[in-house]
Protein chains: 2
Amino acid sequence: MTRYKLKISYDGTRFHGFQRQTDLRTVQGVIEQSLEKMTKGQHVDIFGSGRTDAGVHALGQIIHFDYPGEIPAENMLRAMNSLMPLDILILESEIVDEEFHARFGVKKKTYQYRVDCGHYTDPFKRFYTGHYPYPFELEKIETAIKDLIGTHDFTSFAASGGVIEDKVRTIYEATVRFDEKSSELVFEFTGNGFLYNMVRILVATLLEIGNGRRDVHDLLRLYEVKDREQARGCAPASGLYLKEVFY
Amino acid sequence: MTRYKLKISYDGTRFHGFQRQTDLRTVQGVIEQSLEKMTKGQHVDIFGSGRTDAGVHALGQIIHFDYPGEIPAENMLRAMNSLMPLDILILESEIVDEEFHARFGVKKKTYQYRVDCGHYTDPFKRFYTGHYPYPFELEKIETAIKDLIGTHDFTSFAASGGVIEDKVRTIYEATVRFDEKSSELVFEFTGNGFLYNMVRILVATLLEIGNGRRDVHDLLRLYEVKDREQARGCAPASGLYLKEVFY
C-alpha cells in the first residue's frame, strides 16, 4: 500500500459533481473506475479535499488514495493521465505518508469565481462563468469585500441541505478585480472552510451591493441576522473554481 | 419582405455544423426554427457566408434572410437573441438591400486557428483548441507562413469531398503568434476563399514544418505536386474559428 496525493483539474460541466453516485458520471466515480484498470479490478477509494457540486470546476483539487503496490509518483501521473477522459487532468503526483488526509488535513482553501459582465451571455463562456449584465460600481464591491476578512458566523450564507452545525468560518483573503480584456469580474476567497454554496451566495450578495441594491456594509448586518432568506441570491455553479487547497 | 444581414457568433461544439440537416442540431436549423416563432410558423431561409463543419466555431459568421415584414434592425437583434440557445449569439443586425447576399457577395474571409501547446490537453480547452504537445521552432513556422501569401493552387490542401474544380485561391494575410500566457499558437489566415478543410490541413502542415519534419519551404513543393496525400495531416475542428467575413 502506498498513499498518493494528487493535484487535479477538471471541467465540471459534464460531471454530476465530485462525489460518487450510482449511475451518474462524477469525478470520483470516473477516477475510481480508471484506477481499477491499473489494479486489475481491485477497488481503490478516492478521498477529495471536499466535494464540488455539479458544474463547478477545479483548477487545483487535491485527492489521496492508497494504491496496492508502489510505482514512482511521476509514473502514476503519466499512467493516470493516459486513462483519464479529456475533462480531468492530473497536474501533480506525490507519494505521502499515511498521516496525510486530503480532507481532514485541509488548513485553507482558495475559491475563484468568474462573472462575465457583457450584455449577453458569451457563447464560449456559458459553462465557465456566471453572468451579470447589470451596472455595478467596482469600488462598492471592493469596500464590501473587506468586511469578509476575519472570523464570522456565515449562517446567512449557507444553503439549506448542509449538515454542519457550526457556521463560523475564518476568511483570510478576499479580493475582486475587473479584467477589461475579458469583461470579467474575478473574485477570490481564501478561508479555513466554506459552507454549502457559501461562495456562490457571497458573490450574489456582493454583486447586489455593487449594483446599489444593498448597503455597502450589508455583510455586517447579514452576519448578525443569521438568516439565509435575507441573502437570497446564489450565483450559478458555472463560474466557480476550486483553485487551491493548503495543508 | 425586408432583408437582414446579421453577424453571429457560435460555439460549434454541440452543433453538427452550420448547414441544416434533418434530425440533427445545426446552426442554420436552430436559427430557422427560432425565426418561425417570430413569423407564426412561416419558414424563412437563412443564407450563411459559407458552411462550418461540426465542432468549428464562429466569432463573426455572416448570414442573411428575408423577413416577412419590417422591424428595426436593433429590435431584430434583441428579439432573436431572446430566442437563441446560449451557444449562439447575434452580435450585429443591419437592414440591407436585396443586392446583398451573404454567400455570393463574399470578398474575403479571415479564419483563426488556436493550438494549445501544453504537454497534456487542458480540460478547459478541449473543445476550443487543437493540441500540439511536440517541440517546434516558431521561427520556422513564421518563415513558412510567408509562402502562403499570394495566389496558389491549393489542390494538396483540399480534403476530398469538395465539389469545387478550381483549387486556386489567393491568401492576402497569414500570421502566427505564440501567446505565452495561454501557451497557445494562434494562426490567422485571410483569403478570397478556402477549400474544404484547407485551414486545418495548412495548420497541420505548418506544425510539421515547425517540428522539423518538413522542409521550411515545403509549402512551395506542395503547391507543385497537387497531391492531398502529401500534406496528410488535418488539425481538429475544435481549434478553428471563422473570425470575419468581408464584402
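What counts as what
- Residues numbered from 1 in each chain as written.
- Chains lettered and ligands numbered in written order.
- Predicted model: local features only at pLDDT ≥ 70, side-chain atom pairs only at ≥ 80, totals over all residues.
- Helix = DSSP H or I, 4+ residues; strand = E, 2+ residues; numbered from the N terminus.
- Buried ≥ 20, exposed ≤ 12 C-beta atoms within 10 Å, placed from the backbone.
- Contact = placed C-beta atoms within 7 Å.
- Axes fitted to C-alpha atoms, helices over the stretch in contact; angles between N-to-C directions.
- Parallel < 35°, antiparallel > 145°, perpendicular 65-115°, else oblique.
- Left-handed = near helix turned anticlockwise from the far one by under 90°.
- Expected span 1.5 Å × (residues − 1).
- Least-squares fit on C-alpha atoms with pLDDT ≥ 70 in both.
- Domains from an automatic or database assignment.
- Arc of directions from axis to C-beta.
- Nonpolar A, V, L, I, M, F, W, Y, C, P; charged D, E, K, R; others polar.
- pLDDT = per-residue confidence, 0-100.
- Pairing = 2+ DSSP bridges.
- Core = buried A, V, L, I, M, F, W, Y, C linked by C-beta atoms within 7 Å.

Undergrad: What should I look at first to understand the overall build of chain A in this one?
TA: Looking only at helices and strands, chain A has six helices and ten strands in total. Taking the principal axes of the C-alpha coordinates as reference, chain A spans close to 60 × 40 × 30 Å. Each of the 247 residues in chain A was classed as buried or not, and the buried ones make up 38%. Long-range pairs, those at least 24 residues apart, make up 71% of the contacts in chain A with a sequence separation of at least 6.

Undergrad: How should I be thinking about the packing of helix α3 (residues 138–145) of chain B against helix α4 (residues 198–210) of chain B in this particular structure?
TA: The packing of two helices is summarised by the inter-axis angle and the distance between the axes. Residue and element names in this part refer to chain B. Where α3 meets α4, the closest approach of the two axes is 8 Å, and the angle between their N-to-C directions is 130°. Regarding the angle of α3 to α4, the classification is oblique. As α3 runs across α4, the sense of the crossing is right-handed. Along the contact surface, α3 presents L138, K140, I141, A144 and I145, while α4 presents L206, I209 and G210.

Undergrad: Can you walk me through helix α1 (residues 27–38) of chain B in this structure?
TA: One turn of an α-helix holds 3.6 residues; hence residues three or four places apart share an orientation. Residue and element names in this part refer to chain B. Under the 1.5 Å per step criterion, the end-to-end length of α1 is 17 Å for twelve residues, consistent within 8% with the ideal 16 Å. For α1, the set of buried residues is V27, G29, I31, S34 and L35. Where α1 is buried, its residues meet β1 (2–10), α2 (73–83) and β4 (88–96). Looking one or two places after α1, you find K40, whose phi comes out positive at around 55°.

Undergrad: Please clarify how the relation of the copies chain B and chain A should be interpreted in this entry.
TA: Put simply, the second copy of the chain is the first one after a rotation about an axis and a shift along it. For the pair chain B and chain A, the best superposition has an RMSD of 0.0 Å and corresponds to a rotation of 180° with a translation of 0.0 Å parallel to the axis. Interpreted geometrically, this transformation is the action of a two-fold axis. The rotation axis passes nearest to the C-alpha of F124 of chain B in chain B, at a distance of 5.4 Å. When the interface residues of chain B are mapped onto chain A, 100% of them are again interface residues, pointing to one common binding face.

Undergrad: Looking at this structure, I do not really get the environment of T155 of chain B. What am I missing?
TA: Residues and elements named next belong to chain B. With respect to the secondary-structure elements, T155 resides in the loop between β7 (150–153) and β8 (168–179). Judged by local crowding, T155 falls into the partly exposed class, with 18 C-beta atoms found within 10 Å. Beyond its immediate chain neighbours, meaning those up to four positions away, T155 contacts K167 and K226.

Undergrad: Explain the domain arrangement of chain A to me, please; I cannot follow it from the model alone.
TA: Residue and element names in this part refer to chain A. Taken domain by domain, chain A consists of domain 1 (2–96) and domain 2 (108–246). Placing a centre on the C-alpha atoms of domain 1 and another on those of domain 2 gives a separation of 28 Å. On the side of domain 2, ten residues touch domain 1, which itself brings 13 residues to the contact.

Undergrad: Hey, could you run me through α3 of chain B in this one?
TA: All names here are of chain B. Along α3, the residues that are buried comprise I141, A144 and I145. What you see down the axis of α3 is that its buried residues fit within an arc of 95°, all on one side. Structurally, α3 contributes buried residues whose contacts are with β8, α4 and α5 (218–225).

Undergrad: Before we go on, may I ask you to explain the interface of chain B and chain A in this structure?
TA: The extent of an interface is frequently quoted as the accessible surface area lost upon association of the parts. The interface of chain B with chain A comprises 15 residues on the first partner and 15 residues on the second. Mapped onto the side of chain B that touches chain A, the elements with two or more residues apiece are β1 and β4 of chain B. The residue makeup of the side of chain B that touches chain A, split by class, is eight nonpolar, three polar and four charged.

Undergrad: Would you explain the confidence of the model for chain A in this entry?
TA: Should pLDDT be low for a region, the predicted coordinates there are not to be read in detail. Chain-level statistics for chain A give a pLDDT mean of 95 and a share of 99% at 70 or above. Among the prediction metrics, the complex's ipTM stands at 0.88, with pTM recorded as 0.91.

Undergrad: Would you mind showing me how to read the pairing of strand β1 (residues 2–10) of chain A here?
TA: Every other side chain in a regular strand lies on the same face of the sheet, so the side chains alternate between the two faces. All names here are of chain A. Within β1, seven of the nine residues are buried, which leaves it mostly tucked inside the rest of the structure. Alignment of β1 against strand β3 (residues 57–67), held across eight bridges, turns out to be antiparallel. Across the sheet, L6 pairs through a bridge with I63, a residue of β3. Note that β1 and strand β4 (residues 88–96) share eight bridges and pair antiparallel. Each residue of the ladder has a partner; that of R3, found in β4, is V96.

Undergrad: Sorry if this is basic, but what is going on with the environment of D66 of chain B here?
TA: Residues and elements named next belong to chain B. Note on placement: D66 falls in strand β3 (residues 57–67). When the 13 C-beta atoms within 10 Å are taken as the criterion, D66 is described as partly exposed. Note: C-alpha distance between D66 and Q33 (33 residues apart in sequence) is 15 Å. Ignoring sequence-local partners within four residues, the contact set of D66 consists of M1, R3 and V44.

Undergrad: Looking at this structure, how should I read the nonpolar core?
TA: One recurring pattern in soluble globular proteins: nonpolar side chains tend to sit buried together. Among the nonpolar cores identified, the biggest contains 55 residues, and I8, Y111, Y113, M198, V199, V203 and L206 of chain B are the most heavily contacted of them. For this core, the leading source of residues is α4 of chain B, giving nine residues. Of the domains in this structure, domain 1 (2–96) and domain 2 (108–246) of chain B are the two that each give at least three residues to this core. Once residues lying within four places of it in the same chain are set aside, the contact partners of V199 of chain B are Y111, Y113, F189, F194 and L240 of chain B. Core analysis: the next-biggest nonpolar cluster, separate from the first, contains 54 residues, M76, I90, A144 and I171 of chain A among them.

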